Amino acid sequence: QPRQNAARADPAESDRSAVPAAAPAPAPAPATASAAPAVPSPARVVQPPAPVVPEDELSAQPGDKEAMTAAKLQSLRVNLLRIATRLGQSPRNTVVAQVIYRLELAEQLKSGKKQPAAPAGRGSTSSFDRAVALAEQKEKNQGADSDLGFTCTILLLGKSGTGKSSTINSLLGENTAAADAFRAETKKVRMVEHKMHGMTLRLIDTPGLQPSSSDISYNSKIMADAKRFTRRHKPDIVVYFDRMDQPARVDLADLPLLKTITATFGASVWFNAIVVLTHGSSAPPDGQNGQPISYEMYFAQRSHVVQQIIRQAAGDMRLMNPVALAENHPMCRTNRAGERVLPNGQVWMPQLLLLCFASKILTEANSLLNLQEQNAKAAKAAAQQQKVPPLPFLLSNLITSRKPFKLVGDDDDEYDDASDIILGAPSPYDVPKDQQEEMLPPKQVAVPAPDPQLPPSFDGESVGHRYRFLEPTSQWMVRPIVEAHGWDHESGIEGFSVDKGFVVFNKHPGNMSGQLTKDKKDSNVGFEGGVSVHHTKKLVTTAGVDVQTVGKQLAYTARGETRWKFCAVNKIAAGLSASLVGGALALGTKLENRWKVTPGAKLVVSAGAVSANKDVAYGGNCEAILRHSDDPGNPNSSTVGMSFMNWRGDVALGGNAMSSITLGRDTQLTARANLNSRGAGQLTLRATTNERLQLASLGLVPLLAALIGRIRGA
């Protein structure tokens, strides 16, 4: 009587109290139907009529697509709540609540508008409450064992001995699959069908996979058989089995096995996958302090490790697969109803079945709303926006000055004829070519190559004999790449380089070069090839292809430029480039002017811009080169350069200088310095000498400095 009076006084308050009463959490599934009449009838009388009229709510006009979609989604919610009730789970179960929330969120995303807030006042109910009331009424009218028309097909995958067959027997309650603790019993792919709680459960059992890397062919054969079987019986979800008590060091050995699964079914096989850890009653191991860790912490650690391996195999670090537990041992602890209970008090079989059925409902909702195609398009558009190639790197490579290739024996027409008359001084190049003596190219003679400078090694006192060889007469030149500042006790060889010159149609010179370096962590690949076409003596075009490693991707660049010598001391060049990095295309252009100031001084000015995905980077470079001697065999020179670059409004300025001089007969000193507008810079001083005693004496400098510091007490 007091509850009836309260309901008459405030119907909204009666509605809020009626929803929990209408959805009790029964223990076994058969008790649900008998528990429904226990709810007081007066509370049903004052409830608004909308939640308890299922047929009118699910009906929609055939032409109204939005109404039909909403009705189908509501039907999925009702089926999920009825399944949860038949499995003995509460409608407030965490899995049920998350699935219903995702269904509502997906419906909002599909419609493109937010769900209107429920009006405050009498008779206001949420969609969840309406679905609960609708599910209860259907269970009451149709019965707890009525056919739901719901079928779930599950593909079972896992290593041999993880307990797939034992889990099938536990779920179906019969010896459907042969199971043995010491050998694999499943010999071929087969499907087991079983009716339970008005639903049809189909389990595709596969033979156990072997974790050894030598069994890749065996695993590939099993996966090929499973793929052929799934073409006839398409699975709704995938369940991957692993052990709860497996040591963490063994998980990395499962990576080839998981990659075999990914290579057979594709990375999408993990999108609707559930991880099941068998032997769920295993005792947790000891922690770092020598005490056993908690069961929850043990479960979280094992789940994290298995998910990380799956992410590596799928190549997607955003994957988050649900993890469930299973225990098939006959001595497992049970409750009063005879159901097996885990150490955390959870009845694992209903929870696992609910998780599988909920995943199937989410899959149906995705296909109904066509969210997968929309998500794929959105992800592709976002990826295109995010794929911005490294424009500063491409621009720096573009404006780098490159000389055209020349045939062997051709005159160096860098600045011929009147190139040295700019100051009025006589020049040996003023002699007409018909009066100059013919200079024959030197003959190629096989000579011993110099020994590379190698760091200390365990191989012996002198390891240079391994790298001595005669220069071949072939055009191919292969050289080791030596890193003098590498790790101690290593040979210092980090890679090799290949270089070859060629001539196209006996008149177009070209060259190709490449190198491959590999250290303990990273590897780099570089290739550069080009051909020069001399149209006239003053007009030449060079085209080439470059391949370089940029981060973890390869950058492919096709470039071309034309150089025109329009006067005796000035050349101008213009070029274009197209680069492909990570699926993004970048286009660039440049202009370059080379001016010979004096016979030994040059000024090179270049500017360019690179654009990709409506993003532009532009910059320029100015470099002055001064040779210390007219002797071509003298490599001493000085270079001073300045550069600027603007990308996304960030302007960077930089300057660099280099100078090399010769001290004595066998010593060369090289100094390099650079500084940018952000305050970063570097100063390098390098001495190269053939006098080893002089070189060794430099090692006394830090020793004396340390000794003086100790004497002074610093």
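What you are looking at is a predicted structure, and each value in this text was computed from that prediction instead of being measured.

Procedures and definitions
Residues numbered from 1 in each chain as written. Predicted model: local features only at pLDDT ≥ 70, side-chain atom pairs only at ≥ 80, totals over all residues. Heavy atoms only, no water. 1 Å grid on protein atoms, 1.4 Å probe; cavity = no way out; pocket = protein on both sides within 12 Å on 5 of 7 lines; lining within 4 Å. Points joined across faces, edges and corners; volume = space filled by probe spheres on them. Helix = DSSP H or I, 4+ residues; strand = E, 2+ residues; numbered from the N terminus. Nonpolar A, V, L, I, M, F, W, Y, C, P; charged D, E, K, R; others polar. Phe/Tyr/Trp six-rings, centres within 6.5 Å; stacked < 30°, edge-to-face > 60°. Buried < 20%, exposed > 50% of the residue type's maximum accessible area, 1.4 Å probe, protein only. Pairing = 2+ DSSP bridges. Axes fitted to C-alpha atoms, helices over the stretch in contact; angles between N-to-C directions. Contact = heavy atoms within 4.5 Å. Core = buried A, V, L, I, M, F, W, Y, C linked by side-chain atoms within 4.5 Å.

Participant: For this particular structure, what's the right way to read empty space enclosed by the protein?
Facilitator: Unoccupied space between atoms shows up once a probe the size of one water molecule is rolled over them. Inspection of the entire model under this criterion finds three cavities of 30 Å³ or more. Volume-wise, the largest cavity comes out at about 60 Å³. What lines the largest cavity is Ile154, Leu156, Thr167, Ile168, Leu171, Leu203, Val239, Phe241, Val276, Leu352 and Cys356. Secondary structure elements with two or more residues in the lining of the largest cavity: β1 (150–158), α9 (164–172), β4 (237–243) and α13 (348–369). In terms of residue count, the dominant contributor to the lining of the largest cavity is α9 (three residues). Along the lines of polarity and charge, the residues of the lining of the largest cavity split into ten nonpolar, one polar and no charged.

Participant: Is there a simple way to explain the packing of aromatic side chains in this structure?
Facilitator: Ring pairs (aromatic) are described by centroid distance and by the angle formed between their planes. Counted under the stated rule, the structure contains three aromatic pairs. Here the aromatic rings of Phe150 and Phe357 are separated by 5.7 Å at their centres, their planes lie at 85°, and the arrangement is edge-to-face. Separated by 207 residues along the polypeptide, Phe150 in strand β1 and Phe357 in helix α13 bring together distant segments of the chain. Taking the relative accessible area as the measure of exposure, Phe150 reaches 6% and is therefore buried. Ring geometry for Trp564 against Phe566: centres 5.4 Å apart, planes inclined by 45°, an arrangement best described as tilted. Look at Phe566 and you get partly exposed, because its relative accessible area is 40%.

Participant: Mind showing me how you'd approach the sheet that holds strand β3 (residues 199–205) here?
Facilitator: Each strand in a sheet pairs with another by means of backbone hydrogen bonds, the pair being arranged parallel or else antiparallel. Pairing is mixed across the open sheet formed by six strands, whose spatial order is β2-β3-β1-β4-β5-β6. Two strands close off the open sheet at either side, each with one partner strand: β2 (190–196) and β6 (323–325). Shown here is a sheet whose adjacent strand axes are inclined to one another by a mean of 25°, direction ignored. Running over the sheet, helix α12 (residues 295–314) touches β4, β5 (273–278) and β6 and is turned about 135° from β5.

Participant: Quick question: what am I supposed to make of the nonpolar core here?
Facilitator: Note that soluble globular proteins tend to have their nonpolar side chains buried in a common cluster. Formed by 84 residues in total, the largest nonpolar core has its most connected members in Ile154, Leu258, Ile261, Trp270 and Phe357. It is α13 that provides the largest number of residues to this core, a total of 13 residues. Setting aside its immediate chain neighbours within four residues, Ile154 contacts Leu201, Arg202, Leu203, Ile204, Ile237, Val239 and Cys356.

Participant: So what exactly am I meant to see when it comes to the pairing of strand β10 (residues 523–534) here?
Facilitator: On a regular strand, one side chain projects to one face of the sheet and the next to the other, so that they alternate. Taken together, the nine bridges between strand β9 (residues 508–518) and β10 define a ladder with antiparallel strand orientation. Residue pairing for β10: Lys518 is matched across the bridge by Ser523. Adjacent in sequence and paired antiparallel, β9 and β10 are bridged by four residues. Alignment of β10 against strand β11 (residues 539–550), held across nine bridges, turns out to be antiparallel. In the sheet register, His534 faces β11, and the bridge partner there is Val540. In textbook terms, the turn of a hairpin is the stretch between consecutive antiparallel strands, and for β10 and β11 this stretch comprises four residues.

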